[in-house]
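Residue-level listing of the chains:
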Amino acid sequence: MSAPPSNASNVKELLCELCRLFYQQGWVSGTGGGISIREGDRVTMAPSGVQKERLRPEDLFELDVDGRVLKAPEGNAKLSACAPLFFHAFELRDAGAVIHSHSMNAMLATLVFGDELRVTHLEMMKGIRGTGYHDELVVPILENTAHECDLADAMADAMRRYPKTFAVLVRRHGVYVWGRDWVEAKTHAECYDYLFEAAVKMKQLGFDPSSAPERNPE
Ligand SMILES: [Zn+2]
């Protein structure tokens, strides 16, 4: 995978390929999670409640940037319940792609931390745009709701309150991650997932992931 694709059928094939990759990572198993890619004023999105690893290009929705469906797949496919959350990232953060993951690492991180996850001095932080090794990376954690669409207002609020984050965790649920295009969104999703796992394991081992290490560890 290299440069972002330039036409609708390429985007659809790419989205299916990413779903297969993310399925292997356990991010979209059991029909959960999802991905959406925006190119210009055209948004491509996976349907709700389908096995993401078996998606075909003809199964995907095409929408405009205002959320109107331009092309729906045949049959009774339903638009993803995450759609309003994806659109917040497009509108408020100028995202080009959003990944919603039910990753175990993300879910466990929300059990270990309160309203925010904070880490510092981890090399993988450098994969998040604008973040250096010595910085503190902060990810807000929202409370889950019975229906995914009810998360939309809290998600928009978190995006405004944390202008440097490219991820919002949802308690006992997963994470939404975005980037300027699908390449950056994928990189961000992988780096954040690593950092969530690292933070949980560091806690288990008695390290505080939000503290800088001592200058000369023995
Ligand atoms: Zn979800």
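These numbers were taken from a predicted model, which means no experiment stands behind them. (Residues numbered from 1 in each chain as written. Predicted model: local features only at pLDDT ≥ 70, side-chain atom pairs only at ≥ 80, totals over all residues. Heavy atoms only, no water.)

**Q** Help me understand the packing of helix α2 (residues 83–93) against helix α4 (residues 152–161) in this model?
**A** For any two helices packed against each other, one specifies the inter-axial angle together with the distance between the axes. Where α2 meets α4, the axes come as close as 9 Å, and the angle between the chain directions of the two elements is 25°. Between α2 and α4, the angle is such that the two are roughly parallel. The element α2 and its partner α4 pack so that their crossing is right-handed. Residue-level inspection shows Pro84, Leu85, His88, Ala89, Leu92 and Arg93 of α2 in contact with α4, the latter providing Ala152, Met155, Ala156, Met159 and Arg160. (Axes fitted to C-alpha atoms, helices over the stretch in contact; angles between N-to-C directions. Helix = DSSP H or I, 4+ residues; strand = E, 2+ residues; numbered from the N terminus. Parallel < 35°, antiparallel > 145°, perpendicular 65-115°, else oblique. Left-handed = near helix turned anticlockwise from the far one by under 90°. Contact = heavy atoms within 4.5 Å.)

**Q** Sorry, what's going on with empty space enclosed by the protein here?
**A** Unoccupied space between atoms shows up once a probe the size of one water molecule is rolled over them. The final tally for this structure, using the stated rule, is 1 cavity of 30 Å³ or more. Computed from the structure, the largest cavity encloses a volume of approximately 40 Å³. For the largest cavity, the full set of lining residues is Trp27, Ile99, Ser101, Val175, Val177, Ala189, Tyr192, Asp193 and Phe196. Elements supplying a minimum of two residues to the lining of the largest cavity: β5 (97–101), β9 (174–179) and α5 (182–204). It is α5 that contributes the most residues to the lining of the largest cavity, 4 residues altogether. When the residues that make up the lining of the largest cavity are grouped by side-chain class, the tally is 7 nonpolar, 1 polar and 1 charged. (1 Å grid on protein atoms, 1.4 Å probe; cavity = no way out; pocket = protein on both sides within 12 Å on 5 of 7 lines; lining within 4 Å. Points joined across faces, edges and corners; volume = space filled by probe spheres on them. Nonpolar A, V, L, I, M, F, W, Y, C, P; charged D, E, K, R; others polar.)

**Q** Explain the pattern of salt bridges here, please?
**A** Think of it this way: side chains of opposite charge can pair up when their charged atoms draw near. In the structure shown here, the tally under the stated rule is 16 salt bridges. Of the charged contacts, one joins Asp66 and Arg68 as a salt bridge, the two residues approaching to 3.3 Å between their closest N and O atoms. Comparing Asp66 with Arg68 shows no difference in burial state: the two are exposed. In this structure, the salt-bridge partner of Glu184 is Arg180, at a minimum N-O distance of 3.2 Å. Owing to a relative accessible area of 9%, Glu184 belongs among the buried residues under this scheme. Its relative accessible area of 48% is what places Arg180 among the partly exposed residues. Residues joined in a network through salt bridges with shared partners are Lys12, Arg42 and Glu62. (Salt bridge = Lys/Arg side-chain N within 4 Å of Asp/Glu carboxyl O. Buried < 20%, exposed > 50% of the residue type's maximum accessible area, 1.4 Å probe, protein only.)

**Q** What should I look at first to understand a nonpolar patch on the surface in this one?
**A** Residues Met104, Leu108, Leu111 and Val112 make up a contiguous nonpolar surface patch of about 320 Å² in total accessible area. As for its position among the elements, Val112 is in helix α3 (residues 104–112). (Patch = residues over 30% accessible without salt bridge, like charges linked within 9 Å, V, L, I, M, F, W, Y side chains within 5 Å. Areas by Shrake-Rupley, 256 points an atom, 1.4 Å probe, with all protein chains shown as cover.)

**Q** What is the right way to read the packing of aromatic side chains from this model?
**A** Tallying each qualifying case throughout the model produces 4 aromatic pairs. Of note, Arg93 hangs over the ring of Phe166, and the distance from its end group to the ring centre comes to 5.7 Å. (Phe/Tyr/Trp six-rings, centres within 6.5 Å; stacked < 30°, edge-to-face > 60°. Lys NZ or Arg CZ within 6 Å of the ring centre and 35° of its normal.)

**Q** For this particular structure, what's the right way to read the nonpolar core?
**A** Side chains that are nonpolar tend, in soluble globular proteins, to be buried together. Core analysis: the largest hydrophobic core is formed by 65 residues, its most contacted members being Ile37, Leu117, Tyr192 and Phe196. Once residues within four sequence positions are removed from consideration, Phe196 is found in contact with Asn105, Ala106, Ala109, Leu117, Val139, Leu169 and Val175. (Core = buried A, V, L, I, M, F, W, Y, C linked by side-chain atoms within 4.5 Å.)

**Q** It is not clear to me how the packing of α3 against α5 should be interpreted in this structure. Could you clarify?
**A** Remark: α3 packs on α5, axes separated minimally by 8 Å, with the N-to-C direction vectors making an angle of 45°. Compared by their axis directions, α3 and α5 come out oblique. When you trace α3 past α5, the crossing you get is left-handed. For the pair formed by α3 and α5, the contact residues are Asn105, Ala106, Leu108, Ala109 and Val112 on the first element and Asp193, Phe196, Glu197, Val200 and Lys203 on the second.

**Q** Mind showing me how you'd approach the environment of Ala77 here?
**A** Relative to the elements of secondary structure, Ala77 occurs in the loop between β4 (69–71) and α2. Remark: the alpha-carbon pair of Ala77 and Val11, spanning 66 residues in sequence, is separated by 19 Å. With sequence-adjacent residues up to four places away left out, Ala77 is seen in contact with Pro47 and Phe61.

**Q** How should I be thinking about unusual backbone geometry in this particular structure?
**A** Of note in the backbone geometry, Thr31 takes a positive phi value of approximately 70° without being a glycine. Its relative accessible area of 29% is what places Thr31 among the partly exposed residues. Not every positive phi belongs to a glycine, and His121 is a case in point at roughly 55°. Secondary-structure assignment places His121 in the loop between β6 (116–120) and β7 (136–142). Using a relative accessible area of 18% as the deciding quantity, one classes His121 as buried.

Geometric values such as these leave the question of function open.
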